[in-house]
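Fold and contact review
Each chain, written out:
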Amino acid sequence: MAKVTEIKIAKTITQVRNQIKIWQKEGKSIGLVPTMGFLHAGHGSLIKRAVAENDEVIVSDFVNPAQFGPDEDLETYPRNFAADTEFCRKLGAAMIFNPEPSEMYDNPKAYVNIDDLSDGLCGVTRPIHFKGVCTVVSKLFNITNADRAYFGEKDAQQLAIIRKMVKDLDFDVEIVGCPIVREADGLAMSSRNAYLSKDERKAAVCLSKSITLGKEIIHEGMSAKQLIADMSSVIENEALAKIDYLEVVDVELLKPVDKIDGPILVAMAVYIGKARLLDNFSWKPEETITI
Ligand code: PAF
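The structure presented is a predicted model; accordingly, all values stated were derived computationally and were not measured. Throughout this document, residue positions are counted from 1 along each chain, in the order its sequence is written. Where local features are concerned, this predicted model is filtered to residues with pLDDT of at least 70; where side-chain atom pairs are given and counted, the filter is 80 or more; whole-chain, interface and lining totals use all residues. The basis for every side-chain value is the complete set of non-hydrogen atoms in the structure, without hydrogens or water.

1. Focus: the overall build of the chain
The condition is simple: By the criteria applied, helices consist of DSSP H or I runs no shorter than four residues and strands consist of E runs no shorter than two, each listed in order from the N terminus. Each radius of gyration is computed over the set of C-alpha atoms, and the globule rule expresses the reference value as 2.2 Å times the number of residues to the power 0.38. Each residue gets one of three labels from its accessible area relative to the maximum for its type: buried under 20%, exposed over 50%, partly exposed in between, using a 1.4 Å probe on protein chains only. Whether two residues are in contact is decided by their heavy atoms, any of which lying within 4.5 Å being enough. Reported accessibility uses the Shrake-Rupley method at a 1.4 Å probe radius. Residues are deemed covered only where the shown protein chains occlude them.
A count of helical and extended segments in the chain gives 10 helices and 9 strands. Relative to its length of 291 residues, the chain is compact, with a C-alpha radius of gyration of 19 Å against a globular reference of 19 Å. If one aligns the C-alpha atoms of the chain with their principal axes, the spans along those axes are about 55 × 40 × 40 Å. Going through the 291 residues of the chain one by one, you find that 51% of them count as buried. Pairs at least 24 apart in sequence give 73% of the contacts found in the chain among residues at least 6 apart. Accessible surface, the chain as shown: approximately 14,300 Å² in total, 50% of it carbon and sulfur.

As structure tokens, then:
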């Protein structure tokens, strides 16, 4: 059951900090759910978990310009703050933080960057993306002083990067990863699904079909090349789909592996029309996967 019936709307860092001070004086634990808004059931699962595990929950709702490249979809990224506020209120979040870009960035010269982990996978087509993510997430940790922060496993590279950043920079926050939430036909939920036309929406199911096949055929000792070829063929059969990458990497450092013998992440980005969609699964030896 939701704990609060009202939600506070904060537009400034000072408003958030003032509220945090009150909650901390009261000895309350604070959960943070960082989002870029246009919330869906995937975000809902993070918010519900945060509400269950913390006394107070802040959802940040900020389309972060620093993580978009010059030719990317910053301007068209879907937004609906009124609906987001109501969504968070119903789930029991205590505050939604919706700053203007100028509140977060005042001619900045300091950034947070991460070596190696941001080079591959999404980093190839989005070279500045993870610098923007690490910077805004660090700022949100500093602004909120959260005890726990919740991120979706759909963005597996982002989650691995944030875990490493928190470890390397000694942020005093527990990172909680939450499973991918899927539509009835398997498509992983994403705000960018809003870009899909009717035909593209049908075509987009090829990502999760490829994931399902991958989970069925993966086994210890299999070559990564074989797994990639079999999974890619499902996507290549779909005329509207174009693979950006489909890779098998180790779960921590995200380096490509040749043979499947340790904990791995199988991750893909696929263009369906102008939408670039992500999906993945992780696997470790002797694991029984239920699909
Ligand atoms: O996953 C997202 O929506 C964003 O990358 C995040 C973590 C909110 C940072 O802007």
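From this point, the narrative continues.
2. Here we look at the pattern of salt bridges
Worth spelling out the cut-off: Salt bridge, as used here, is a side-chain nitrogen of Lys or Arg placed within 4 Å of a carboxyl oxygen of Asp or Glu.
Enumeration according to the criterion identifies 12 salt bridges in this entry. The closest approach of N and O atoms between D279 and R182, which form a salt bridge, is 2.8 Å. In this pair, D279 is assigned in strand β9 (residues 275-283) and R182 in the loop between β6 (174-178) and α8 (198-203), connecting sequence segments 97 residues apart. Here R182 falls in the partly exposed class, since its relative accessible area comes to 29%. For D244, the salt bridge identified is with R276, shortest N-O distance 2.9 Å. Note that D244 is positioned in strand β7 (residues 241-250) and R276 in strand β9, a separation of 32 residues in sequence. In this structure D244 comes out as partly exposed when scored by relative accessible area, which is 23%. Where salt bridges share partners, they join E26, K28 and E56 into one cluster.

3. Some thoughts on unusual backbone geometry
The phi torsion at D116 lies on the positive side, around 60°, for a residue other than glycine. For D116, the location among the structural elements is in the loop between α4 (101-104) and α5 (122-125).

4. Considerations on the sheet that holds strand β3 (residues 56-61)
Condition: Two strands pair under a simple rule: DSSP has to find at least two bridges between them. Here, axes are lines fitted to C-alpha atoms. For helices the fit covers the stretch in contact, and angles between N-to-C directions go from 0 to 180 degrees.
If you trace the 6 strands from one edge of the open sheet to the other, you get β1-β4-β3-β2-β5-β6, paired in parallel fashion. Since the sheet does not close on itself, it has two edges, and those belong to β1 (8-10) and β6, each with one partner. With direction set aside, neighbouring strand axes in the sheet form an average angle of 25°. In the packing of helix α1 (residues 13-25) onto the sheet, contacts are made with β1, β2 (30-35), β3 and β4 (95-97), and the angle to β4 comes to roughly 150°. The strands that helix α7 (residues 156-168) touches are β5 (148-152) and β6; relative to β6, the one it contacts most, it runs at about 170°.

5. A few points about the sheet that holds β9
Sheet strands line up and pair through hydrogen bonds in the backbone, either parallel or antiparallel. Across the sheet, 3 strands lie side by side as β7-β8-β9; this open sheet has antiparallel pairing. Bordering the open sheet on either side are β7 and β9, each of which pairs with just one other strand. Strand-to-strand twist in this sheet, taken as the mean axis angle between neighbours without regard to direction, amounts to 15°. Relative to β9, strand β8 (residues 264-272) is paired through 9 bridges, and the arrangement is antiparallel.

6. So, the state of the cysteines
Note the following rule: In this description, a disulfide is simply a cysteine sulfur pair whose atoms lie within 2.5 Å.
This structure, assessed with the given rule, holds 0 disulfides. There is no disulfide at C122, and the cysteine sulfur nearest it, in C134, is 13 Å away.

7. Some points on the packing of aromatic side chains
Here the distance between the centres and the angle between the planes together describe a pair of aromatic rings. Rules: Working definition: rings of Phe, Tyr and Trp (its six-membered ring) pair if their centres are within 6.5 Å, and the pair is stacked with planes under 30 degrees apart, edge-to-face with planes over 60 apart, and tilted otherwise.
Taken as a whole and assessed by the stated rule, the structure comprises 3 aromatic pairs. Ring centres of F62 and Y105 lie 6.3 Å apart, and the angle between their planes is 35°; on these two criteria the pair is classed as tilted. Taken as a pair, F62 in the loop between β3 and α3 (81-91) and Y105 in the loop between α4 and α5 lie far apart in primary sequence, 43 residues in all. Pair check on accessibility: F62 and Y105 agree, each one buried. Considering the side-chain rings of F68 and Y77, the 5.9 Å spacing of their centres and the 75° angle between planes classify their relative orientation as edge-to-face.

8. Here's the deal with the packing of helix α9 (residues 205-217) against helix α10 (residues 224-236)
Put simply, the rule is: Put simply, angles under 35 degrees are roughly parallel, angles over 145 are roughly antiparallel, angles from 65 to 115 are roughly perpendicular, and the rest are oblique. When the near helix sits turned anticlockwise from the far one by under a right angle, the crossing is termed left-handed; a clockwise turn instead gives a right-handed crossing. Gly falls in the polar group here, along with every residue not listed as nonpolar (Ala, Val, Leu, Ile, Met, Phe, Trp, Tyr, Cys, Pro) or charged (Asp, Glu, Lys, Arg).
Their axes nearest at 8 Å, the elements α9 and α10 cross at an angle of 150°. Taken together, the axis directions place α9 and α10 in an arrangement best described as roughly antiparallel. Here α9 and α10 pass one another in a crossing that is right-handed. Where α9 abuts α10, its residues C206, K209, S210, I211, L213, G214 and I217 lie against L227, D230, M231, V234 and I235. Across the contact of α9 with α10, the residue classes break down as 8 nonpolar, 2 polar and 2 charged.

9. Considerations on the nonpolar core
Nonpolar side chains in soluble globular proteins tend to end up buried together. Defined as follows: For this analysis, a nonpolar core means a set of buried residues of the types Ala, Val, Leu, Ile, Met, Phe, Trp, Tyr and Cys, connected via side-chain atoms within 4.5 Å.
Grouped together as the largest cluster of nonpolar side chains are 47 residues, with contacts concentrated most on I58, F97, M104, F141 and I175. When neighbours within four sequence positions are excluded, M104 is seen to be in contact with I13, F62, F97, P99, V136, K139, L140 and I143.

10. A closer look at the environment of E247
For E247, the position within the fold is in strand β7. The spatial distance from the C-alpha of E247 to the C-alpha of M104 is 34 Å, given a sequence separation of 143 residues. Sequence-distant contacts of E247, that is, excluding residues within four places in its chain, are made with L121, I228, P256, L265, V266 and A267.

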